[in-house]
Amino acid sequence: MSDALLPWHQPLWERLQQRRQASNLPHALLLAGDAGLGKQIFAKQFAHVLLCSQPLVGGTPCQQCHACHLMAAETHPDFHLVQPEAEGKAIKIDQVRALIEYSYKTPQISAWKVIVIAPADAMNINAANALLKTLEEPVSNTQLLLVTARPMALLATIRSRCQALQFKTPDSSTAFQWLRNQQEDVSEEQVRILFHLAQKAPLRALNFIRSEEWEFRAQLFSEWLQYTRHQLDLVSISKVWSTHDLHRVIFHLQSWVQDLTKWIQTGSFDALVNTDLAAMLKDIAARVDEQSCYRFLDQLNQANAWVHSKIALNAQLLIEQLLVQWSDSISVMPA
Ligand SMILES: [Zn+2]
């Protein structure tokens, strides 16, 4: 996938381009919206246009000028990306101090300097407080772009000094079309299911497609069904499942049990996410009642919270407990 603008970015892009052309850009922009919508791609593309010496009509970088070549090589000196040193780590005060120092320098090549902070919610409290000073005393010709999927995790004082650009999930047909253009060997049903599992975030769905989530899910479901039918014993399945990422295991179980409740309530496949598993889910639904499903969903939520809390836990024991709770909810199912 290239860094080109994504189809669902267009309305936000046009609004921003109008402001750029009217020389009416806010000093700091907060790009907010769910993960997997391409906010960082948008930020980089917008930075590129600001740095390009002859952007085309509509706000496309010319790809010909010196600045464009430097952006393509990721060596443009007027572009500064601040991110955690490793995924999941914090952005530290030293990184923000370096950014502040950088913001006071004059641009070397382009008319602007652009600073992207992604994800902005990774700034620890000291880093955030240091940034606040810069937001209070804007430097001319410096554009700040803060990217976040969790705007409420930022200091309110930071949020209030940025103008928000809210990214929304695209409509299904736009997303399906785009996903199928990225990866032609997936079926329509696969695209639709993975898009829903990705909570309608297309880049996340694409990641699912490319990371063989489909195959993983199929294997997991087959084992769950075998266990439910007493064809696979508790210890064997727990041993295998405890070697997986527990988030993913719980995530899929949640999705299947939610579908079970929908089937029990409506007796229709229409509302299901996992339509490819509908026949088998229907079989399971005949042996479980709605309240037991909800109880099991509560237990899954609790297990998820434990996994999130990162307290040391015995994965196999956790899986065993969950599966025992599940088999307590169902009546015996013939093979
Ligand atoms: Zn250019």
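Each value, and the rule that gives it
- Every chain is numbered on its own, with residues counted from 1 as its sequence reads.
- Reporting in this predicted model follows two pLDDT cut-offs: at least 70 for local features of residues, and 80 or more for side-chain atom pairs to be given and counted; totals over whole chains, interfaces and linings ignore these cut-offs and use all residues.
- By convention in this description, side-chain values take in all heavy atoms of the structure and omit both hydrogens and water.
- Excluding water, the donors of a metal are its N, O and S neighbours within 2.8 Å, or within 3.2 Å for Na, K and Ca, and that exclusion means sites may look incomplete.
- Only DSSP runs of H or I with at least four residues qualify as helices, and only runs of E with at least two residues qualify as strands; both kinds are numbered from the N terminus onward.
- A 1.4 Å probe rolled over the protein chains alone gives each residue an accessible area, and that area as a share of the maximum for its type sets the label: buried under 20%, exposed over 50%, partly exposed in between.
- By the convention used here, residues are in contact when the closest approach between their heavy atoms is within 4.5 Å.
- Salt bridge, as used here, is a side-chain nitrogen of Lys or Arg placed within 4 Å of a carboxyl oxygen of Asp or Glu.
- Put simply, a nonpolar core is a bunch of buried Ala, Val, Leu, Ile, Met, Phe, Trp, Tyr and Cys residues held in one set by side-chain atoms that sit within 4.5 Å of each other.
- Pairing between two strands requires that DSSP report at least two bridges joining them.
- All axes here are fitted lines through C-alpha atoms, helices being fitted over the stretch that makes contact, and every angle between N-to-C directions spans 0 to 180 degrees.

Novice: Please give an account of the coordination of the zinc ion that cites residues and values.
Specialist: Within the protein, the atoms that donate to the zinc ion are Cys52 (SG), Cys62 (SG), Cys65 (SG) and Cys68 (SG), at distances of 2.3 to 2.4 Å. Donor residues binding the zinc ion come from one chain and are separated in sequence as C-x9-C-x2-C-x2-C.

Novice: Tell me what's going on with the side chain of Arg217, and back it up with residues and numbers.
Specialist: Its place among the elements puts Arg217 in helix H10 (residues 213-228). With relative accessibility at 2%, the residue Arg217 sits in the buried group. Dropping the residues within four chain positions of it, Arg217 is found in contact with Ile193, Leu197, His252, Trp256, Asn274, Asp276 and Leu277.

Novice: Quick one: what's the story with the pattern of salt bridges, residue by residue and with numbers?
Specialist: A full pass over the atoms with the stated rule returns 10 salt bridges. Residues Arg180 and Glu188 are paired through a salt bridge, measuring 3.6 Å at the closest nitrogen-oxygen approach. A residue is classified by how much of its surface remains accessible, and Arg180, at 30% relative accessible area, is partly exposed. Between Arg229 and Asp283 there is a salt bridge, with its nearest N and O atoms 3.6 Å apart. Pair noted here: Arg229 is in the loop between H10 and helix H11 (234-241) and Asp283 is in helix H13 (residues 278-285), with a separation of 54 residues, a long-range link.

Novice: Account for the nonpolar core, naming residues and giving values.
Specialist: Core analysis: the biggest nonpolar cluster contains 45 residues, and Leu31, Phe42, Phe46, Val114, Val116, Leu145 and Leu179 have the highest contact counts within it. Listing elements by their share of this core, those giving two or more residues are helix H1 (10-21), strand E1 (28-32), helix H2 (39-51), strand E3 (113-117), strand E4 (142-148), helix H7 (172-182), helix H8 (188-197) and helix H9 (202-210). Considering every element that reaches this core, the biggest residue donor is H2, with eight residues. Dropping the residues within four chain positions of it, Leu179 is found in contact with Val191, Phe195, Pro202, Ala205, Leu206 and Ile209. Listed in part, the 36 residues of the second largest apolar core include Tyr227, Phe296, Leu297 and Leu300.

Novice: An account of unusual backbone geometry is needed here, citing residue identities and associated values.
Specialist: Here the amide bond leading from Ala118 into Pro119 is cis, since omega sits at -10 degrees, within 30 degrees of zero. Within the secondary structure, Pro119 is located in the loop between E3 and helix H5 (125-136). A positive phi angle is found at Gln63, which is not glycine, with a value near 65 degrees. Structurally, the position occupied by Gln63 is in the loop between H2 and helix H3 (66-72). Among the residues examined, Gln63 registers a relative accessible area of 44% and is labelled partly exposed. A positive phi angle is found at His230, which is not glycine, with a value near 60 degrees. Tracing the backbone shows His230 in the loop between H10 and H11. His230 sits in the exposed class, given a relative accessible area of 52%.

Novice: Explain the sheet that holds E3 residue by residue, including any values.
Specialist: Pairing is parallel across the open sheet formed by five strands, whose spatial order is E2-E3-E4-E1-E5. Edge strands, defined here as strands with exactly one partner in the open sheet, are strand E2 (79-82) and strand E5 (163-166). Strand-to-strand twist in this sheet, taken as the mean axis angle between neighbours without regard to direction, amounts to 20 degrees. As defined by bridge partners, E1 adjoins E4 across five bridges and the pair is classed as parallel. Bridge pairing links Leu30 to Leu146 in E4. Packing of helix H4 (residues 93-103) onto the sheet brings it into contact with E2, E3 and E4, and relative to E3 it is tilted by some 165 degrees.

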